[in-house]
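Working through the structure, step by step
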Amino acid sequence: MKFTTKCGDLLEALNTVKGAVPSKSTLPILECILFEQEDDALRLSATDLEISIVRKLPVQFETNGTAEGTAIAVPAKRLTDTLRALPDEMPIEFAADGDFEIRMDTDQGHYKMVGHDGEDYPELPDIDGKHEITTEGNLLRRAIDKTSFAVSKDALRPAMMGVYFQVGTDETRAVATDGHRLVKLVLPTLTAKEEISFIVPEKATKLAGRVVEDDEICTMAVDEGHVSFEFGNSRVLARLIDETYPNYQAVIPQENEKRLTINREDMLNAVKRVGLYSSSMTNQIRLQISSDSVKISAEDVERSSEAEEVVKCDYDADDMEIGFNSEYLTEVLSNVRSEEVVFQLSSPNRAGIVVPIDQEDDEEILMLIMPVMLKSYA
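Because the structure is predicted, anything quoted here is derived from the model rather than measured. (Residues numbered from 1 in each chain as written. Predicted model: local features only at pLDDT ≥ 70, side-chain atom pairs only at ≥ 80, totals over all residues. Heavy atoms only, no water.)

Counting 106 residues, the largest nonpolar core has Phe35, Leu44, Phe198, Phe229, Ile296 and Phe343 as the members making the most contacts within it. Ranked by residue count, the leading element in this core is helix 1 (residues 7-17), at 6 residues. When sequence neighbours within four positions are dropped, the list of residues in contact with Ile296 reads Met267, Ala270, Val271, Val274, Ile285, Arg286, Leu287, Ala307, Glu308, Glu309 and Val311. Among the nonpolar cores identified, the runner-up in size contains 15 residues, and Val175, Tyr248, Leu366 and Leu368 belong to it. (Core = buried A, V, L, I, M, F, W, Y, C linked by side-chain atoms within 4.5 Å. Buried < 20%, exposed > 50% of the residue type's maximum accessible area, 1.4 Å probe, protein only. Helix = DSSP H or I, 4+ residues; strand = E, 2+ residues; numbered from the N terminus. Contact = heavy atoms within 4.5 Å.)

Tallied over the entire structure, the rule returns 22 salt bridges. Note that Arg173 is salt-bridged to Glu171, the shortest N-O span being 3.3 Å. By relative accessible area, which is 23% here, Arg173 ends up partly exposed. By relative accessible area, which is 25% here, Glu171 ends up partly exposed. In this structure, Asp178 engages Arg181 in a salt bridge whose closest nitrogen and oxygen atoms are separated by 2.8 Å. Here the residues in one salt-bridge network are Glu36, Glu38, Arg43 and Lys56, joined through shared partners. (Salt bridge = Lys/Arg side-chain N within 4 Å of Asp/Glu carboxyl O.)

Once that is clear, we can look at the packing of aromatic side chains. Overall, the coordinates contain 7 aromatic pairs when judged by the stated rule. Here Tyr164 and Tyr245 contribute two aromatic rings whose centre-to-centre distance is 4.5 Å and whose plane-to-plane angle is 15 degrees, an arrangement assigned as stacked. In this pair, Tyr164 sits in strand 12 (residues 162-167) while Tyr245 sits in the loop between strand 18 (234-239) and strand 19 (258-263), placing the two residues 81 residues apart along the sequence. Overall, Tyr164 belongs to the buried group, its relative accessible area being 14%. Judged by its relative accessible area of 9%, Tyr245 falls in the buried class. Among the aromatic residues, those joined into a cluster by ring pairs are Phe3, Phe35, Phe61 and Phe94. (Phe/Tyr/Trp six-rings, centres within 6.5 Å; stacked < 30°, edge-to-face > 60°.)

Moving on: the packing of helix 1 against helix 2 (residues 76-84). Between helix 1 and helix 2, whose axes approach to 9 Å, the crossing angle comes to 140 degrees. As far as their axial angle goes, helix 2 and helix 1 are oblique. Remark: the crossing between helix 1 and helix 2 carries left-handed chirality. Across the interface between the two elements, Cys7, Leu10, Leu11, Leu14 and Asn15 from helix 1 touch Leu79, Thr80, Leu83 and Arg84 from helix 2. Here the residues of the contact of helix 1 with helix 2 sort into 6 nonpolar, 2 polar and 1 charged. (Axes fitted to C-alpha atoms, helices over the stretch in contact; angles between N-to-C directions. Parallel < 35°, antiparallel > 145°, perpendicular 65-115°, else oblique. Left-handed = near helix turned anticlockwise from the far one by under 90°. Nonpolar A, V, L, I, M, F, W, Y, C, P; charged D, E, K, R; others polar.)

Turning next to the environment of Ser305. Take Ser305: it is sitting in strand 22 (residues 305-315). Put simply, Ser305 and Gly162 are 143 residues apart on the chain and 37 Å apart in space, counted from C-alpha to C-alpha. Excluding residues that lie within four positions of it along the chain, Ser305 makes contacts with Tyr277, Glu299 and Asp300.

On to helix 4 (residues 202-211). Here helix 4 lies mainly inside the structure; 7 of its 10 residues are buried. Of the positions making up helix 4, those classed as buried are Glu202, Ala204, Thr205, Leu207, Ala208, Gly209 and Val211.

Turning our eyes to something else, we now look at the sheet that holds strand 4 (residues 51-58). An order of 10-6-2-3-4-18-17-16-11 is seen for the 9 strands of this open sheet, with the pairing classed as antiparallel. Looking at which strands have only one partner, the edges of the open sheet turn out to be strand 10 (116-117) and strand 11 (131-136). The pairing of strand 2 (residues 32-38) with strand 3 (residues 41-47) spans 5 bridges and is antiparallel. Counterpart to Glu38 in the pairing with strand 3 is Ala41. The strands touched by helix 1 are strand 2, strand 3, strand 4 and strand 18; relative to strand 4, the strand with the most contacts, the crossing angle is about 165 degrees. (Pairing = 2+ DSSP bridges.)

That's the geometry; what it means functionally is another story.
What follows is the structure in structure tokens.
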């Protein structure tokens, strides 16, 4: 295999696929990126056996004594570190011989390393495309960005370690929860010919969100065990989480009649600042809500620190005191795009709902956050 391209172009393609390269593996070949010739393009592939990424890069191929299409697995870290240290516009000639010895030549010098036989690289899954959903890249990215933060990290609850997609004929729901907060995003413009539900691992959603461009058309293909996101010259494949997602609708309260309307940015900034003074163990902050203001306070007895701020609001019920984890509340407020938000509350020990006062035209979002039991300050 022998080809010529620009350092920057090759590095950009490598940066796309390296997200699937494990930092350490019992199989050394997984720490490589597979190079294959596919017509006039270089096909780069990487996998950790659960998630795979493929990227095609147009290059100028030549022959070098090996059969056309010979595959070679190239050490990912050394190659990307080398290209990162070279000028983006500099041409680079890549050559690999039959013994999988690699040589790269530029105007400034040459670099040699040894790869692995591409035939030994694990075969990527072949998705039969039983279900296909086509959507815009910006819609997919938004669905991922607004839900993935709430995915559980608890391996004892594997079903909650991914984003749950309920794709229907009239709308799609993307849901994520870790038991402390929940996000339900409804997308009326994302539909399929028949209903299908599946759970995508968090890592796969984040990699897909990182790769997709807003103006690209994305095709999601789903079969019994895998999902792929294909856009432009890139493709992300992942093994689905084979679990039953919990009945999230059952935990969304229907009778939260107390309404607190507040400026989102003012509330967010106050929670961030006051949260710095909360206990590092609990991150507990206290909201004392009255008709026209919310007093946000926190105290850390161990560090002899405390803070309090008052934010103007509009509240339509009796005064109330409720506690939240400041980090969870910060993430919820950070993922709403509206000048004002509405907190729908019931009692200090029941989940609160946060919704934007102005929903975007092509989505409807609801966020739930569980309260924490308040501890009296000493």
